[in-house]
Amino acid sequence: ESPFYTKQVGEKPAGGWPLVIAMHGGGGVPKAVNDSQWEHMKIYYKDHPEAGGYLYCALRAPTDEWNGFYTDYFYPVLEKLIRQFVVCQDVNPDRVIAIGYSHGGYGAFAIGPKLPHRFAAVHASASAPSDGETVPTGLHSLAFSFMVGGKDNAYGRRDRCVAFEALLVETKQAHPGLYPTTFTLVEGNGHTGLPDRDILPKLLPNVRVATPKQLFWDPTDGTVKDHYWLRVAEPKRGQHLQARLEGNALVAETKEVARSEE
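Residues numbered from 1 in each chain as written. Predicted model: local features only at pLDDT ≥ 70, side-chain atom pairs only at ≥ 80, totals over all residues. Heavy atoms only, no water.

Caption draft 1: Highlighting the overall build of the chain. When you go through the chain residue by residue, the secondary structure sums to five helices and 12 strands. Against the 2.2 N^0.38 benchmark of 18 Å for 262 residues, the chain shows a C-alpha radius of gyration of 18 Å, consistent with a compact globule. Seen along its three principal axes, the alpha-carbon backbone of the chain occupies a region of about 50 × 45 × 35 Å. Evaluated residue by residue, the chain yields a buried proportion of 50% over its 262 residues. Here the analysis covers contacts within the chain between residues at least 6 apart in sequence; of these, 68% occur between residues at least 24 apart. (Helix = DSSP H or I, 4+ residues; strand = E, 2+ residues; numbered from the N terminus. Rg over C-alpha atoms; globule rule 2.2 N^0.38 Å. Buried < 20%, exposed > 50% of the residue type's maximum accessible area, 1.4 Å probe, protein only. Contact = heavy atoms within 4.5 Å.)

Caption draft 2: The pairing of strand β5 (residues 121-125), seen in detail. Burial runs high along β5: five of the five residues are buried. Neither face of β5 is exposed, since A121, H123 and S125 on one face and V122 and A124 on the opposite face are all buried. Pairing geometry for strand β4 (residues 91-101) and β5, over five bridges, is parallel. Paired with G100 across the strands is A124, a residue of β5. Judged from the five bridges that link them, β5 and strand β6 (residues 143-149) form a sheet pairing that is parallel. Across the sheet, residue V122 finds its bridge partner in β6, namely F144. (Pairing = 2+ DSSP bridges.)

Caption draft 3: Inspection of the side chain of T171 at higher detail. Within the secondary structure layout, T171 lies in helix α4 (residues 157-174). By relative accessible area, which is 16% here, T171 ends up buried. Every residue in contact with T171, bar those within four places of it in the chain, is listed here: P136 and Y179.

Caption draft 4: Highlighting the sheet that holds strand β1 (residues 4-9). Here seven strands make up an open sheet; going across it, the order is β1-β3-β2-β4-β5-β6-β7 and the pairing mixed. Every other strand in the sheet has two partners, leaving β1 and β7 (181-186) as the edge strands with one partner each. Pairs of neighbouring strands in the sheet enclose a mean axial angle of 15°, with direction left out of account. (Axes fitted to C-alpha atoms, helices over the stretch in contact; angles between N-to-C directions.)

Caption draft 5: Structural view of the sheet that holds strand β8 (residues 214-217). Judged by pairing direction, the sheet is antiparallel, and its three strands sit side by side in the order β8-β11-β12 without closing on themselves. The outermost strands of the open sheet, each flanked by one partner alone, are β8 and β12 (249-255). Direction aside, the axes of adjacent strands within the sheet are offset by 5° on average. By the bridge criterion, seven bridges tie strand β11 (residues 240-246) to β12 in an arrangement that is antiparallel. Note that in β12 the partner of E246 across the bridge is A249.

Caption draft 6: Region of the structure containing helix α3 (residues 103-114). Between its first and last C-alpha, α3 extends 17 Å over 12 residues, near the 16 Å set by a 1.5 Å rise per residue. Across the 12 residues that make up α3, a large majority, 12, are buried. By the burial criterion, the buried members of α3 are H103, G104, G105, Y106, G107, A108, F109, A110, I111, G112, P113 and K114. (Expected span 1.5 Å × (residues − 1).)

Caption draft 7: Quick peek at α4. Here α4 contains 18 residues, and its C-alpha end-to-end distance of 26 Å stays within 8% of the 26 Å for a straight helix at 1.5 Å per residue. If you check which residues of α4 are buried, you get R157, C161, F164, E165, L168 and T171. Looking straight down α4, one finds that the buried residues subtend no more than 120° of arc, so they occupy a single side. Facing away from the buried side of α4 by more than 90 degrees, the exposed set consists of D159, E170, Q173 and A174. Looking at the packing, one finds that the buried side of α4 touches α3, β6 and β7. (Arc of directions from axis to C-beta.)

Written out as C-alpha cells, the structure reads:
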C-alpha cells in the first residue's frame, strides 16, 4: 500500500488530465523521516498551470526500505495507481509522467527502463542507475531524462550517471532515431538544490508512444511481464527480446525465452 496526495493544477484539458507522479527522497531511514520527505514532495515541484492543466500526485513509498521505490513489490502498486487514476479521475493514459528526487530519483531510474510503456516521460534527479535494475535497452521510445550535480559523489552518483550516459550514446548510435534521452550534469552542484523545481513545463508536452513499431527489451526481474505489446510469461535476467512490425508481418528475435502458450 502507498498513501498519496493529489492536487489539481489549472484546468482539465479536453483529452483528460495529464498525471504527474512525484516520488520523494529518503529511503533506508525511520518512518518519520520518510513521512517528512513525502510532505516536502507535495510542494517541491512548482505549479505550472500555464503549461496546461494536470493532476499532481505526491506518492509515499510503500515501505521505509532503502529501495522502497525500486524493488519488485513497487511496480504492481504503481501500475494499479495509474489504472485507478485513469478509471476514476479521467486521467489520459498517454499523458502520465513519473519524476523523483534522490530516493525517488532512484525509483525513476528503475521504472523508466522497466515500465516505459506506461509513461509519456520519466525524469530522475540527484540519483543514479542501479546495477541490474537500470538497463537502457527498453528506453527506445520513452522521453527519459536525468540530472545530477557535478559534486554529488556519494555512492558514486555522478560517475554512475556519466557512465550510463556513455552507454546511452552508444545505444543511440546503434539505433538512429530511437532512445530520446537527455542527461544534464550540473557542475558545481552537490546532492541538493538542483535546478529542477521548474522542470514540469518541459515534461508535460510529452505524449506516450503506446505502440512503437520496433521494440528492444532485456527483462531484469520476474515481476514485470509486459513491454509495450510484448509479454513474457516467465521473465528473468539474461533474456533478450527484439521485435518489429513490417507491414502485416511481425519479426521477432529472442534469447533464453521459452515458448508460451498464453
